[in-house]
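Understanding the architecture of this molecule
Each chain is listed here by its residues.
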Amino acid sequence: MIKKLLVFFLIISMVGNCCMQLIMYSGYQLNKAYITSVFCVNKVHPELHCNGKCFLSKKLKELNQKTKTNQENLKKSVEGFVTFKIISVEQAFSTLLAKPSTGYLKKPTIGLSAIIFHPPKVA
């Protein structure tokens, strides 16, 4: 149950992060009259027909700057942890190609195979 809620929360947060500009623009469209009356810089010049677009552009620039700094910080943190060790091909395969040494003596098996493996005698 908790895993499902966590997955749902993560999906919603990722989609929300990707669509942040769309969310800000839709919020502007829904509250256009309020933004025009309260936050608009060009209230004294109604002939410009700004309607709060100056406020929207300022907020979008702030959002882009914020996401850019977040991406740079994430990139720095990820690059800080990644380290690679360069080794040669011989060093990499030497452990695979090395034959393990055992403490046993190697005896010749040429003559033993004929003695052990033979067909059964028919009586």
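Each value, and the rule that gives it
- Residues numbered from 1 in each chain as written.
- Predicted model: local features only at pLDDT ≥ 70, side-chain atom pairs only at ≥ 80, totals over all residues.
- Heavy atoms only, no water.
- Helix = DSSP H or I, 4+ residues; strand = E, 2+ residues; numbered from the N terminus.
- Buried < 20%, exposed > 50% of the residue type's maximum accessible area, 1.4 Å probe, protein only.
- Contact = heavy atoms within 4.5 Å.
- Areas by Shrake-Rupley, 256 points an atom, 1.4 Å probe, with all protein chains shown as cover.
- Salt bridge = Lys/Arg side-chain N within 4 Å of Asp/Glu carboxyl O.
- Patch = residues over 30% accessible without salt bridge, like charges linked within 9 Å, V, L, I, M, F, W, Y side chains within 5 Å.

**A short note on the overall build of the protein**
Within the protein, the regular secondary structure consists of 6 helices and 0 strands. Looking at the protein as a whole, 7% of its 123 residues are labelled buried. Put simply, of all contacts in the protein between residues at least 6 apart along the chain, 40% involve residues at least 24 apart. For the protein, the exposed surface amounts to about 12000 Å²; the carbon and sulfur share of it is 68%.

**Here we look at the pattern of salt bridges**
Within this structure, the stated rule accounts for 1 salt bridge. Between Lys59 and Glu62 there is a salt bridge, with the nearest N and O atoms lying 3.7 Å from each other. Here the residue Lys59 and the residue Glu62 both occupy positions in helix 4 (residues 53–81), the gap between them amounting to 3 residues, near one helical turn.

**Side note on a nonpolar patch on the surface**
Taken together, Met1, Ile2 and Leu5 make up a surface patch of nonpolar side chains, about 410 Å² in accessible area. Within the secondary structure, Ile2 sits in helix 1 (residues 2–18).

**Examining the environment of Cys50**
Structurally, the position occupied by Cys50 is in the loop between helix 3 (32–38) and helix 4. Owing to a relative accessible area of 11%, Cys50 belongs among the buried residues under this scheme. Remark: the alpha-carbon pair of Cys50 and Cys40, spanning 10 residues in sequence, is separated by 7.7 Å. With near-sequence residues (within four places) excluded, Cys50 lies in contact with Tyr28, Cys40 and Asn42.

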